[in-house]
2 protein chains.
Amino acid sequence: MKIIIDAMGGDLAPREPVRGALMARNEHGCEVTLVGQEATIRRILEQDNIGTLPPGIEIVDASQVIEICDNPSTAWHDKPDSSMTVGLKMLKEGKGDAFISAGSTGALLAGGTLIVRRIPGVRRAAVAPVVPSGAGSTVLIDAGANSECTAEYMVQFAHMGSFYAERVLGRETPRVGLLNIGAEPSKGSELYKQVYHLLEEAKEAGHLNFVGNVEPTTFAKEDACDVIVADGFVGNILLKAMEGTASFIVKGLKDLFTTNAKTKLGYLMIKGNMGSFKKLLDSRETGGTALLGLRRPIFKAHGSSDAYAISHAVGKAVEFVSADITGAIAARMADLNAAAGGK
Amino acid sequence: MKIIIDAMGGDLAPREPVRGALMARNEHGCEVTLVGQEATIRRILEQDNIGTLPPGIEIVDASQVIEICDNPSTAWHDKPDSSMTVGLKMLKEGKGDAFISAGSTGALLAGGTLIVRRIPGVRRAAVAPVVPSGAGSTVLIDAGANSECTAEYMVQFAHMGSFYAERVLGRETPRVGLLNIGAEPSKGSELYKQVYHLLEEAKEAGHLNFVGNVEPTTFAKEDACDVIVADGFVGNILLKAMEGTASFIVKGLKDLFTTNAKTKLGYLMIKGNMGSFKKLLDSRETGGTALLGLRRPIFKAHGSSDAYAISHAVGKAVEFVSADITGAIAARMADLNAAAGGK
């Protein structure tokens, strides 16, 4: 298996993606292609005392870099020799099994949709991070790709998220919840009431294990669902609210631990056991976020990804490719479209 | 000043609202009217060894109770002798300065809107809790009253929230942010883009100190705004995501503290200083949530309110009445409507 990494994407690029590629090569045993400014990449390798490329790692030169100021919708086209555009074209042509970038989500989505294309029948690609929850972890879909959604898009998100939870998180007949502000079917906006109805139908047809509306409080506290469906606007608000609240509380904890000599000592006694607590809150542990609905696997790594986070994202991509989520979604879409056509 | 309390509303009613009323009488120096089943209320007072009512506290009998299974839209009407309906009618008739209930938010909103009525010109009443934020605290409006909003409603929320932040939180020219998934004006759904534009206009007219889009992460980490405007669906998702994430992390912390003898000892050393950290997360500290846009002050206390939380909500109501937020909103609405009419 070969994973293509955007060496120039993210706040800590190119150093951390380059280091992450080497780390991933060792940890996950896959081949890695680094796409970006070759001279810069080689300089970083030299600084790390790596004179010749280790086996299983190659560099593909791309002269341009997509910056934060570029228009995300057109960046892939405006900068045809950017690391992202070159990498996505390689993915499309089968020169790798998945593409990972820590660059602009918007640019990656636009480039992915227009270069790699959507799976036939899929209306919109969606961002699907695996987030901490009362169930341990849950697939949130869509977490920000589509600010304006129709009920049809959201039902497709449910199907795509369900395959992901089943094949990557190992949940049998994944429980699909609809993000909402109350448990009753009458809750929420008109769009959400309509989606509720359609998901009920999909459940009755035996296509989805829909468990009803799930509130953010229930989602966090209880073992409620394996997939949570939202439109991209609300899903992104949820994701960022979780992240914001977590860092708010961690700041409060730091203040608490450093109040005085006694609390500092108390902190030292706890510190050694903080591993799993920190892991709970570490965005690097969530690995890459899958873009579901495209013909080939694409992953977005967090903008602030370090080498560890990049390597972790590669691990997720390897799992994703092995489980053939893309193939499963394509087969389901073909079935649903055939059923709809046969009506 | 006299505050009317729904003795029968909330998970811990009637015991805790009754106790909360006594506590509030002592702490905030206001008179209190308890509305509910008189015999039950008197029995609770007797159990607490209070034979005669202390001065400044009265009981008004109401035979019915609005339950969780009642239809929130019509409960006030279906149960005309419920504590909520009787209390709201007393408020309307000037037999008290504010009404507080820990009962159903939906029933309180419907009853408040149809008995007490909206301020002339106000399109929709909104729920406006004060939530912890990077600014210390911020007014979130609307946090759940209106699942379906127009841009006009949301601009009115901005005005109402601004008065609240100015007069109750003491912020001069409060900074009003629009909840969104990115800072740029082009972010979010069509509705949010439209609201952005209208808030910009209100800023140029000198009516509001609009500071642009604010993401949930920014809102939590930075001193970004004193008021954050959202539609009721998204605002409620934000509120519940904050609450859910906080309890998720607190659970993780408890597991950490109780891992072994060493971490337990560490916890004991920190415990004494946990006050302000706990306060940060305690929903009881946020006190009652104001329903803004109605002709008389109405507060929703958390469903799980104990006596302390009820008393705290009374304190918030007293501040609210003293600051005459209702009068300020009515005056601004009259001005805006006159200006619109004069165009």
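Residues numbered from 1 in each chain as written. Chains lettered and ligands numbered in written order. Predicted model: local features only at pLDDT ≥ 70, side-chain atom pairs only at ≥ 80, totals over all residues. Heavy atoms only, no water.

A few points about the sheet that holds strand β3 (residues 57–61) of chain A
Residue and element names in this part refer to chain A. This is how the line gets drawn: Any two strands are treated as partners once DSSP identifies two or more bridges connecting them. Working definition: helices are DSSP H or I runs of at least four residues, strands are E runs of at least two. Numbering for both runs from the N terminus. Axis definition: a line fit to C-alpha positions, over the contact stretch in the case of helices; interaxial angles, taken between N-to-C directions, run 0 to 180 degrees.
Spatially, β3-β2-β1-β4-β12-β11-β5 is the arrangement adopted by the 7 strands of the open sheet, whose pairing is mixed. One side of each edge strand has no neighbouring strand; the edge strands of this open sheet are β3 and β5 (126–128). The mean inter-strand angle of the sheet, taken between neighbouring strand axes irrespective of direction, is 25°. Where strand β2 (residues 31–36) lies against β3, 5 bridges are found, and the strand directions are parallel.

Thoughts on the sheet that holds strand β5 (residues 126–128) of chain B
All names here are of chain B. Selection criterion: In this analysis, two residues are considered to be in contact whenever any of their non-hydrogen atoms come within 4.5 Å of each other.
The strand order β3-β2-β1-β4-β12-β11-β5 describes an open sheet built from 7 strands, whose pairing is mixed. Where the open sheet ends on each side, the last strands, each with one partner, are β3 (57–61) and β5. Neighbouring strand axes in the sheet, compared pairwise and without regard to direction, differ in orientation by 25° on average. Bridge analysis of strand β1 (residues 2–6) against strand β2 (residues 31–36) gives 5 bridges, and the strand direction is parallel. The residue bridging Ile-5 from the neighbouring strand is Leu-34, located in β2. Here helix α6 (residues 151–167) sits on the sheet in contact with β5, β11 (289–292) and β12 (298–300), set at roughly 135° to β11.

Let's talk about the pairing of strand β9 (residues 209–214) of chain B
Residue and element names in this part refer to chain B. Our working rule: Here the term right-handed applies to a crossover when the path leading from its first strand over the helix to its second strand runs clockwise, the strands being oriented away from the viewer.
Bridge analysis of strand β8 (residues 175–179) against β9 gives 5 bridges, and the strand direction is parallel. Opposite Leu-178, over in β9, you have Asn-213 as the bridge partner. Note that the unit made of β8, helix α7 (residues 190–204) and β9 has a crossover that is right-handed.

A word on the environment of Ala-307 of chain A
Residue and element names in this part refer to chain A. Residue placement: Ala-307 occurs in helix α12 (residues 307–323). Spatially, the C-alpha atoms of Ala-307 and Ala-21 are 7.5 Å apart, while their sequence positions differ by 286 residues. The residues touching Ala-307, leaving out its near neighbours within four places in the chain, are Glu-16, Arg-19, Gly-20 and Met-23.

Some thoughts on the pattern of salt bridges
Let me state the cut-off plainly: Any Lys or Arg side-chain nitrogen located within 4 Å of an Asp or Glu carboxyl oxygen qualifies as a salt bridge. Buried means the residue's accessible area, taken with a 1.4 Å probe over protein chains only, is under 20% of the maximum for its type, while exposed means over 50%, and partly exposed covers the values in between.
Applying the stated rule across the entire model yields 26 salt bridges over all chains. For Glu-190 of chain A, the salt bridge identified is with Lys-193 of chain A, shortest N-O distance 3.3 Å. Highlighted residues: Glu-190 of chain A and Lys-193 of chain A, both in helix α7 (residues 190–204), separated by 3 residues, approximately one helical turn. By relative accessible area, Glu-190 of chain A is classed as partly exposed at 48%. As a salt-bridge pair, Lys-251 of chain B and Asp-255 of chain B come within 3.1 Å of each other at their nearest N and O atoms. Placement of the pair is Lys-251 of chain B and Asp-255 of chain B together in helix α9 (residues 232–257), with a separation of 4 residues, close to one helical turn. A cluster of three or more residues bridged by salt bridges with shared partners is formed by Arg-171, Arg-175, Asp-223 and Asp-226 of chain A.

Some words on the side chain of Thr-289 of chain A
Residue and element names in this part refer to chain A. Turning to its location among the elements, Thr-289 is positioned in strand β11 (residues 289–292). Exposure remark for Thr-289: the relative accessible area of 15% places this residue in the buried category. Excluding its chain neighbours within four sequence positions, the residues that come into contact with Thr-289 are Val-127, Ala-128, Pro-129, Ile-298, Phe-299 and Lys-300.

Section: the relation of the copies chain B and chain A
Rules: Least squares is the method for superposing the copies, and the C-alpha atoms it fits come from residues with pLDDT of at least 70 in both.
In the superposition of chain B on chain A (RMSD 0.0 Å, axial shift 0.0 Å), the rotation amounts to 180°. Look at the turn and shift together and you get a two-fold axis relating the two. Identified as the residue of chain B closest to the rotation axis by C-alpha distance is Gly-266 of chain B, at 1.9 Å. When the interface residues of chain B are mapped onto chain A, 100% of them again lie at the interface, so the same face is used by both copies.

Examining the confidence of the model for chain A
For clarity, the threshold we go by: As a per-residue measure, pLDDT tells how confident the predictor is, with possible values from 0 to 100.
Model confidence for chain A is summarised by a mean pLDDT of 92, while 97% of its residues fall at 70 or above. This prediction of the complex comes with two scores: 0.91 for pTM and 0.90 for ipTM.

Some remarks on the nonpolar core
Applicable threshold: In plain words, nonpolar cores are sets of buried Ala, Val, Leu, Ile, Met, Phe, Trp, Tyr and Cys residues tied together by side-chain atoms within 4.5 Å.
Tyr-164 and Leu-292 of chain A together with Tyr-164 and Leu-292 of chain B are the most contacted members of the largest nonpolar core, which totals 210 residues. With residues up to four places along the chain from it excluded, the contact list for Tyr-164 of chain A reads Ala-128, Val-130, Val-139, Leu-169, Ala-290, Leu-292, Phe-299, Phe-320 and Ile-325 of chain A. Counting 20 residues, the second largest nonpolar core, distinct from the first, contains Ala-220, Phe-248 and Phe-277 of chain A together with Ala-246 of chain B.

A look at helix α1 (residues 15–28) of chain A
Residue and element names in this part refer to chain A. Convention followed: Multiplying 1.5 Å by the helix residue count minus one yields the expected span of that helix.
Relative to the 20 Å expected for 14 residues at 1.5 Å per residue, α1 spans 20 Å between its end C-alpha atoms, a close match to the ideal helical length. Taken together, the buried positions of α1 are occupied by Glu-16, Pro-17, Val-18, Gly-20, Ala-21, Leu-22 and Ala-24. Positive backbone phi, approximately 65°, marks Gly-29, located one or two places after α1.

Quick notes on the interface of chain B and chain A
What counts is decided by this rule: Summed over both partners, buried area is the accessible surface (1.4 Å probe) that two parts give up on being assembled. Ten residues, namely Ala, Val, Leu, Ile, Met, Phe, Trp, Tyr, Cys and Pro, are considered nonpolar, four, namely Asp, Glu, Lys and Arg, are considered charged, and the remaining ones, Gly among them, are considered polar.
Facing 50 residues of chain B, the contacting portion of chain A comprises 50 residues. Taking both sides of the interface into account, the surface hidden between chain B and chain A amounts to around 4500 Å²; carbon and sulfur atoms contribute 78%. One can count 2 salt bridges joining chain B with chain A. Residues Lys-240 of chain A and Glu-215 of chain B are paired through a salt bridge, measuring 2.6 Å at the closest nitrogen-oxygen approach. Within the residue set of the side of chain B that touches chain A, elements represented by two or more residues are β6 (130–133), α7, α8 (216–221), α9, α10 (261–271) and α11 (275–281) of chain B. Looking at the side of chain B that touches chain A, its residues break down into 26 nonpolar, 17 polar and 7 charged.

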